[in-house]
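Overview (structure and organization)
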Amino acid sequence: MKISGFTIIRNAIINDYPIVEAITSILPVVDEMLVSVGLSDDDTLGLIRSIASDKIRIVESEWDMSLREGGKVLAVETDKALKKISPDADWAFYIQGDEAVHEKYHQAIIDSCARHLDDERVEGLLFDYVHFYGTYDYIGDSRKWYRREIRIIRNEKKPKAQPISAYRDAQGFRRGNQKLNVMHSGAAVYHYGWVKSPAQMKTKMKNVSRFWNEGEAWDKILESEDFFNYEEFDSLTHFKGSHPSVMESRIARQSWKVELDTSKKKFKLKDALLYWYEKRTGRRLFEFRNYRLL
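Only a predicted model underlies this, so the values are computations on that prediction, with no experimental measurement involved.

This paragraph deals with the overall build of the protein chain. Helix and strand counts for the protein chain stand at eight helices and 14 strands. Over its C-alpha atoms, taken along the principal directions, the protein chain stretches across nearly 50 × 45 × 40 Å. Evaluated residue by residue, the protein chain yields a buried proportion of 52% over its 294 residues. Within the protein chain, contacts between residues separated by at least 24 positions form 78% of all contacts whose residues are at least 6 apart in sequence.

Structure (C-alpha cells):
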C-alpha cells in the first residue's frame, strides 16, 4: 500500500501559515509528499526546501488570480497537485497549510487505509475537525465550524469519466457534483487558521479574503481596522487536550495574549436551540455534509 501526501501553498511567510508543521505532521504516514508552491511574494519556496526529508517532492506553479471568486483558484491548484502525485499511489492524503495531524492518530490512519484498500466502494476517508480560535487554548464549538471533512481520497488507477476533484474552494472533494462515499478515518485534523496575533490575523484576512470577496465587500475589508477583534464569536470552549508535537515550537513562540469569556454565547434563538440540542444528544440537526458516510 502506498500513500501520497499533497498540499498547495503560496505566501506562507507573509501570512504566517504553519505549512512546515502541516507537512511534517503527516510525513510519518505518507510514502511521498508532493508540495506545490505557488509563485510567492516571499521566500515560501526556500521555506519548503528547508524541510529535511527525502519524502518531499516540490513542484512550482503560477496561480491564475483571475479565478479568485469563490476561492476557485484554490480548487484548481489542488487538482493540479493531485495529478502530480505518483501514479502507483493507492491513497492521496491532502492537508492544507493551516492544518496539522496529531501523532496519536498516525497508526489509526494507516490502519484505516489498509482496511479499506480493496473495498472500491470507499472513495475517501473522513476526518473530524478541531478548530482553534484566537490562541491555542480555545476551540470553536458552534455550528459555524464544520465538524468533518474528507482529507484522504482514493487515487484511482483507472479514472472514471468524472474523476475525483476538489470541491468549491478545496474544503473537500467530490466526483463532479456527486458526494463521495466515505468511511471515517478514526482521526482528526487540527485547524489553526484562526490562531494569530490580532494584527497578523487582520493582515492575513486582507491578503487572502479577496479569494472570496470582490467589489464593496473587498473595499470594506481594506478600510477596516488593522487589528482583528476576537470578541466576535458565537461560542467557544477551552481546549483540554494536547497539540501535535510539531506545533510545540510555534506555540512556545506565541507573543500575544487574548482572554476570551467562554461562558458568553451569542446566538439567535434558532441557533441557541440547535446548539442546546447538539450538546445534549451529540447530533447536529440539518447539518451540511459534503460526503456520504457508508
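This part covers the environment of E149. With respect to the element layout, E149 can be found in strand β8 (residues 148-154). For the pair E149 and F286, spaced 137 residues apart in sequence, the C-alpha separation works out to 16 Å. Contact partners of E149, with chain neighbours within four places excluded, come to L125, L126, F127, Y129, Q171, G172 and N290.

Here we come to the pairing of β8. Of all the seven residues making up β8, six are buried; the element is thus mostly covered by neighbouring parts of the structure. Note: strand β6 (residues 124-133) against β8, five bridges, orientation antiparallel. Each bridged residue has a counterpart across the sheet, and for D128 the counterpart in β8 is R148.

Going through the model one piece at a time under the given rule, you end up with one cavity of 30 Å³ or more. Here the largest cavity is characterised by a volume of approximately 40 Å³. In terms of lining residues, the largest cavity is bounded by D16, P18, Y136, Y192, V195, K196, M247 and R250. The residue makeup of the lining of the largest cavity, split by class, is five nonpolar, no polar and three charged.

Turning next to the side chain of H116. Locating H116 in the fold gives a position in the loop between α4 (106-115) and β6. Classification of H116 by relative accessible area gives buried; the value is 8%. Every residue in contact with H116, bar those within four places of it in the chain, is listed here: W91, V122, L125, R154 and M183.

Below, the discussion takes up unusual backbone geometry. The backbone of R168 shows a phi angle near 55°, a positive value even though the residue is not glycine. Owing to a relative accessible area of 57%, R168 belongs among the exposed residues under this scheme.

Most of strand β2 (residues 32-38) is tucked away, with seven of its seven residues classed as buried. Residues of β2 alternate between two faces, with E32, L34, S36 and G38 on one and M33, V35 and V37 on the opposite face, all of them buried. Where strand β1 (residues 3-9) meets β2, six bridges bridge the pair, whose relative direction is parallel. Looking at the pairing, T7 lines up with V35 of β2. After leaving β1, the chain enters helix α1 (residues 19-26) and then returns to the sheet as β2, a path that is right-handed. As defined by bridge partners, β2 adjoins strand β3 (residues 56-61) across six bridges and the pair is classed as parallel. By the bridge assignment, M33 is partnered in β3 with I56. Taking the sense of rotation as the criterion, the β-α-β connection linking β2, helix α2 (residues 44-49) and β3 turns out right-handed.

Basis of the calculations
Residues numbered from 1 in each chain as written. Predicted model: local features only at pLDDT ≥ 70, side-chain atom pairs only at ≥ 80, totals over all residues. Heavy atoms only, no water. Helix = DSSP H or I, 4+ residues; strand = E, 2+ residues; numbered from the N terminus. Buried < 20%, exposed > 50% of the residue type's maximum accessible area, 1.4 Å probe, protein only. Contact = heavy atoms within 4.5 Å. Pairing = 2+ DSSP bridges. 1 Å grid on protein atoms, 1.4 Å probe; cavity = no way out; pocket = protein on both sides within 12 Å on 5 of 7 lines; lining within 4 Å. Points joined across faces, edges and corners; volume = space filled by probe spheres on them. Nonpolar A, V, L, I, M, F, W, Y, C, P; charged D, E, K, R; others polar. Right-handed = clockwise from strand over helix to strand, strands pointing away.

That is the geometry; function is a separate question.
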